[in-house]
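# Secondary and tertiary structure notes
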Amino acid sequence: MLKSRTFVKKTRSGGVMKIVREHYLRDDIWCGSEVCTECKQESTVLQTQTDACIESNLCSFPHYLLPDTNVVLHQIDVLEDPLIRNIIILQVVLQEVRHRSPPVYKRLKDIIHDKEKHVYTFTNEHHRDTFIEREPGESANDRNDRAIRVATKWYSQHLKTTETEEEGLRVVLVTDDRANKEKAVEEGLLAYTCEEYIKSLIGNPELVDRLALTNDEKNEIRSSRVLFPEHVPLSRIQAGIKSGTYLQGTFRASRDNYLEASVFIQGEGEDSTEVLLQGLQNLNRAVYQDVVAVQLLPRDQWVAPSSVVLQDEGSAKDDDDTAGEDGEEKPLKCIVPEVAKKPTGKVVGIIKRNWRPFCGMLNVSLIKESTRHLFTPADRRIPRIRIETRQAAALAGQRIMVSIDGWPKNSRYPNGHFVRTLGCAGDKQTETEVLLLEHDVPHQAFSQAVLSFLPTMPWNITPEDMAVRADLRQLTVCSVDPPGCTDIDDALHCRTLDNGNVEVGVHIADVSHFIRPGNAMDKEAANRGTTVYLCGRRIDMVPELLSSNLCSLRSNVERLSFSCIWEMNTNAEILKTRFTKSVINSKASLTYAEAQMRIDDGTMNDDITKSLRGLNKLAKILKQKRIDNGALTLSSVEVRFHMDSETHDPIDLQTKELMETNSMVEEFMLLANVSVAQKIYDEFSECALLRKHPAPPPSNYDILTKAAASKGLEIHTDSAKALADSLNVATVNGFPYFNTLLRILATRCMMQAVYFCSGMDSDFRHYGLASPIYTHFTSPIRRYSDIIVHRLLAVAIAADSTYPDLMDKHKQSALTNNLNYRHKMAQYAQRASVAFHTQLFFKSRGILNEEGFVLFVRKNAIIVLIPKFGLEGTVFFDSKDKTGPKLTFVEEVPTLTVEEHVFHIFDMVKVTISLDDSNVQHQKIRMSLIEPVIPGVSVPAPEIEPQAKKPKLDR
């Protein structure tokens with residue numbers, strides 16, 4: 001049956017266009033139930049009477065659940081529970097959820113694909129008996145509600161005709177819409193709110209905790225006091241943004257000061273700006289990464305960012321009556337110069353919430369028998385959340401997940417609900433799960449759909465492969481990587497040619513041969529974006545068969561590769577460049593130390609060693625050329641843990657030592673990336689995937705120039721070369737570590753390097769490398785960006801065919817946005833893993849005394865770097881429990897005077913280091929000052945007992 005659907009669409013010019021679409025109705029759409037004898041269905045999803053029975057006080061009979069759109073949107077945590085099964089999802093619900101919330105839509109699709117859940121999607125919009133036309137004057141929402149009731153009625157009648165037992169199956173409409181429920185009951189349908197249904201279930205009280213609060217009455221707490229300004233309606237926000245009254249941006253809460261945040265306002269080019277927010281009322285219930293509307297305050301109310309480290313460590317009691325006292329804590333005030341003040345504003349409305357389930361711990365209420373408790377998220381940028389739960393005793397000491405439901409204007413904290421338990425706090429497996437969830441790292445096992453695209457084993461290179469590839473198996477190729485590396489992306493060779501020139505080859509794993517565009521494995525790799533390396537664990541971007549076997553360029557096996565080969569003269573000047581798909585057989589898989597030993601050992605003169613020496617000689621020339629061009633040599637402290645082979649606990653912690661061979665490999669990877677970037681841009685100027693590193697705004701360098709000035713040195717920041725030259729000559733007699741500290745500080749001033757599509761940007765320059773163009777080509781096993789670059793290069797040299805998405809600059813740009821996000825989250829997850837393992841390392845060591853350097857000066861604290869461990873910690877000088885010492889902070893220098901002693905950046909200090917585990921969730925490294933000795937402030941150096949020290953591994 002054919003119907004036509006008519007609707008109007010507004011054109012760009014402001015006119016109205018009438019659109020008529022054909023809409024087909026059928027009478028052969030299955031109901032999906034096993035009990036049905038009428039539908040001629042090949043397979044069924046919904047179970048029989050025996051299996052579709054959940055014990056309930058309201059529904060003591062077998063039943064299917066049919067939730068409406070709002071129940072799916074707001075109660076997805078309940079629907080995901082294994083107990084809730086035999087669910088009918090209507091097409092109209094699925095479409096509306098997809099439109100209103102992509103994250104919930106993805107979770108709903110996962111539920112539908114879970115065979116244990118028995119969820120059936122019924123295409124009611126194409127069924128002859130369930131499709132309805134929208135009536136004159138009826139809103140789209142009312143029409144959809146009516147469509148849901150019509151489908152519920154059809155199901156109820158349809159299943160009645162097939163019943164053979166006295167008490168047959170019934171369909172329960174689950175809706176939290178009061179009007180929809182009333183109309184359903186009037187029409188003789190069985191309808192309950194989600195809360196009514198869940199509370200009726202027998203023996204499952206934990207499900208009640210998962211119920212989301214869905215209306216204003218539930219969200220309002222008992223206090224009548226208004227703590228926050230009313231949010232401006234969205235219609236007024238849109239008009240205000242258009243007129244320039246309001247600005248739209250992303251809310252970024254501070255990690256160090258819960259009363260401070262900023263809003264990033266995206267502009268064209270360098271026109272982006274940040275608006276500072278201070279005080280709870282000006283933050284106005286915004287949560288980290290919400291999209292908000294802000295209004296600038298008058299210029300005389302602008303302030304400077306606070307230098308106070310101020311965390312919400314107040315009582316975790318229910319705060320209905322104390323919001324005024326601990327809710328309006330003010331940051332420390334000090335006089336700041338006019339130049340330090342930033343554009344300051346206030347949040348006037350929320351444009352888009354970015355709420356997700358948050359990991360953390362429950363602070364059990366001190367009130368006996370209370371069901372209302374505060375939840376403290378693991379991420380300090382997220383406010384505490386008030387939840388109701390009847391299982392507080394069981395959840396104490398557990399890591400749990402909680403979702404926010406709403407934030408009333410008379411509540412100090414948002415309201416939410418319990419989602420699930422993750423495990424005991426402090427447990428290694430639990431804490432790893434928390435940091436993966438908190439940093440949104442996809443870490444589930446690869447699905448069967450993904451694994452189905454793996455090659456069948458045993459796998460071999462075929463004659464067809466050899467026919468279209470360069471045979472480089474005879475070359476002396478070898479790889480140089482960190483110890484224990486199994487996902488070997490790259491290998492190198494170097495040989496002297498008959499004409500006296502040198503041939504150098506960079507050979508990269510040909511991952512794009514195995515991962516074809518658009519299949520399930522490709523989509524999964526694109527979503528993951530990168531491999532994530534944690535301490536003792538790796539979250540692969542592609543299945544292990546590829547990452548550690550077929551794509552890994554291991555020694556003495558034939559592997560498919562993509563080669564970049566240069567002919568150079570002895571001055572490392574490139575004479576010719578060629579790219580080719582190839583087959584190699586690596587002659588050795590070396591560590592950096594092993595490669596360095598070969599280079600340094602004069603008695604070794606085999607082909608592998610000669611190749612390494614040739615590479616090392618050229619790499620030194622290439623590096624000097626880069627430095628001469630203005631490339632920066634920065635510094636960051638990286639640590640390596642030595643793990644106990646049985647317990648996997650860290651038994652030693654040391655900073656990574658870099659060798660010449662590290663630099664050797666890096667130089668040729670950089671050169672390959674630059675060469676490939678130029679090639680793909682020359683061929684595809686609109687859709688090349690490139691990587692840029694923006695120059696920092698001048699204000700970023702303030703702390704660096706001040707730090708250097710404190711030692712009587714001047715740092716020039718006009719260009720990368722000026723900065724590099726300044727850093728090269730910045731030394732202090734008798735302070736050999738000074739230049740390293742300065743480079744560490746310079747690293748903190750840098751912007752984040754990002755991927756972008758060449759057709760969507762005009763500034764390609766990589767500031768740190770001083771290169772006009774750059775991309776990532778050399779790590780396709782662990783970075784999806786490199787796979788795209790391989791595909792572009794393969795098309796450019798006619799080694800593979802193209803496909804539409806590869807040539808679509810808008811799709812490439814959307815892809816780069818996800819890649820940038822995934823790479824940033826992977827970095828944060830890795831740092832969190834290092835921090836957790838550092839805590840484990842210090843947990844069994846009692847108190848240690850170590851020397852360090854002041855890296856930053858704050859109003860109430862100094863941030864100290866311990867080079868031996870690559871560890872940063874905060875020495876606080878104020879205290880909530882007692883009268884602190886006299887503190888004087890000078891922003892301009894900066895300096896902090898504690899009593900009579902003045903602290904500058906880079907001052908050497910001696911501190912005690914211990915683990916403060918008084919707060920199980922936020923365990924932290926605590927530092928106390930030993931030297932300089934300040935009466936009433938410094939602590940005496942504790943005696944370190946010899947047995948407390950662990951033996952160090954041979955370094």
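Basis of the calculations
- Residues numbered from 1 in each chain as written.
- Predicted model: local features only at pLDDT ≥ 70, side-chain atom pairs only at ≥ 80, totals over all residues.
- Heavy atoms only, no water.
- Buried < 20%, exposed > 50% of the residue type's maximum accessible area, 1.4 Å probe, protein only.
- Helix = DSSP H or I, 4+ residues; strand = E, 2+ residues; numbered from the N terminus.
- Pairing = 2+ DSSP bridges.
- Salt bridge = Lys/Arg side-chain N within 4 Å of Asp/Glu carboxyl O.
- pLDDT = per-residue confidence, 0-100.
- Contact = heavy atoms within 4.5 Å.
- Polar contact = N/O pair within 3.5 Å; in protein donor to acceptor, adjacent residues only side chain to side chain.
- Axes fitted to C-alpha atoms, helices over the stretch in contact; angles between N-to-C directions.
- Core = buried A, V, L, I, M, F, W, Y, C linked by side-chain atoms within 4.5 Å.
- Phe/Tyr/Trp six-rings, centres within 6.5 Å; stacked < 30°, edge-to-face > 60°.
- Lys NZ or Arg CZ within 6 Å of the ring centre and 35° of its normal.

Where burial is concerned, most of strand 32 (residues 861-866) is hidden: six out of the six residues are buried. Bridge count for strand 31 (residues 848-857) against strand 32 is four bridges, and the pairing is antiparallel. For F856, the partnering residue across the bridge sits in strand 32 and is I863. If you look at the hairpin formed by strand 31 and strand 32, you'll find three residues sitting between the two strands. In terms of strand pairing, strand 32 meets strand 33 (residues 871-876) through six bridges, oriented antiparallel. Each residue of the ladder has a partner; that of A861, found in strand 33, is F876. Hairpin connection of strand 32 to strand 33: four residues between the antiparallel strands, including G870 at a positive phi of 60°.

A few words now on the pattern of salt bridges. All chains considered together, the criterion is met by 42 salt bridges. Between E431 and R399 there is a salt bridge, and its shortest N-O distance comes to 2.7 Å. Here E431, found in helix 14 (residues 428-438), pairs with R399, found in strand 16 (residues 398-406); they are 32 residues apart in sequence, far enough to count as distant. What makes R399 buried here is its relative accessible area of 4%. The partner of D471 in a salt bridge is R473, and the shortest N-O contact between them spans 2.7 Å. By sharing partners, the salt bridges in this structure join D77, E80 and R107 into a single network.

Okay, the confidence of the model for the protein chain next. Predicted confidence across the protein chain gives a mean pLDDT of 85, with 87% of residues reaching 70 or more. Taken together, the stretch residues 314-335 has pLDDT below 50 and engages in 44 contacts with residues farther than four places along the chain or on a different chain. pLDDT under 50 marks residues 946-955. Its contacts with residues more than four places away, or in other chains, come to 13 contacts.

Let us look at the environment of V937. Note that V937 resides in the segment after strand 38 (924-931). Among the residues examined, V937 registers a relative accessible area of 18% and is labelled buried. Sequence separation between V937 and V898 is 39 residues; the distance between their C-alpha atoms is 8.5 Å. With near-sequence residues (within four places) excluded, V937 lies in contact with F877, P885, V898 and E899.

Looking now at helix 14. Among all positions in helix 14, only T430, E431, T432, V434, L435, L436 and E438 are buried. Summarising the contacts, the buried residues of helix 14 are in contact with strand 13 (358-363), strand 16, strand 17 (415-424), strand 22 (532-534), strand 23 (537-539) and helix 26 (809-843). For helix 14, the capping residue at the N-terminal end is D427, with a side-chain oxygen 3.2 Å from the backbone nitrogen of Q429. Backbone geometry just after helix 14 places D440 at a positive phi near 55°.

Sheet architecture is open: five strands sit in the order 10-9-8-11-12, paired in antiparallel fashion. Looking at the sheet topology across the chains shown, the edges are occupied by strand 10 (273-278) and strand 12 (345-352). Strand after strand, the sheet turns through a mean of 40° between neighbouring axes, direction not considered. Taken together, the six bridges between strand 9 (residues 260-265) and strand 10 define a ladder with antiparallel strand orientation. Across the sheet, residue F264 finds its bridge partner in strand 10, namely E274. In this fold helix 10 (residues 234-243) packs onto strand 8 (247-253), strand 11 (291-296) and strand 12, with an angle of close to 120° to the strand it touches most, strand 12.

Turning our attention to the nonpolar core. One finds V504, L546, W566, L612, F668, F777 and Y784 to be the most contacted residues of the largest nonpolar core, which totals 86 residues. With residues up to four places along the chain from it excluded, the contact list for L546 reads L454, P455, F514, I515, M521, C551 and S552. In this structure, C36, L90, I112 and I198 belong to the second largest nonpolar core, which totals 59 residues.

Enumeration over the complete set of coordinates arrives at 16 aromatic pairs. Plain terms: the ring middles of F122 and Y155 are 5.1 Å apart, the flat faces sit at 70° to each other, and that makes the pair edge-to-face. Of this pair, F122 sits in strand 5 (residues 119-122) while Y155 sits in helix 5 (residues 140-160), and the two are 33 residues apart along the sequence. Assigned by exposure class, F122 and Y155 land together as buried. When the ring of F841 is compared with that of F842, the centres are 5.1 Å apart and the planes differ by 80°; the resulting orientation is edge-to-face. Each member of the pair, F841 as well as F842, carries the same accessibility label: buried. Feature note: the residues F735, Y737, F738, F853 and F906 constitute an aromatic cluster, connected by ring pairs. A cation over a ring is seen here: R528 above F446, with NZ or CZ 4.0 Å from the ring centre. If you follow K692 out to its NZ or CZ, it ends over the ring of F756, 5.5 Å from the centre.

Turning to the sheet that holds strand 38, a few remarks are in order. The five strands lie next to each other as 33-32-31-37-38, forming an open sheet whose pairing is antiparallel. A single partner strand is all that each edge strand has here, and the edge strands are strand 33 and strand 38. Each neighbouring strand pair of the sheet contributes to a mean axis angle of 45°, computed without reference to strand direction. Bridge analysis of strand 37 (residues 908-916) against strand 38 gives seven bridges, and the strand direction is antiparallel. Looking at the pairing, L915 lines up with I925 of strand 38. Packed onto the sheet, helix 24 (residues 738-749) meets strand 31, strand 32 and strand 33 and runs at close to 50° relative to strand 31.

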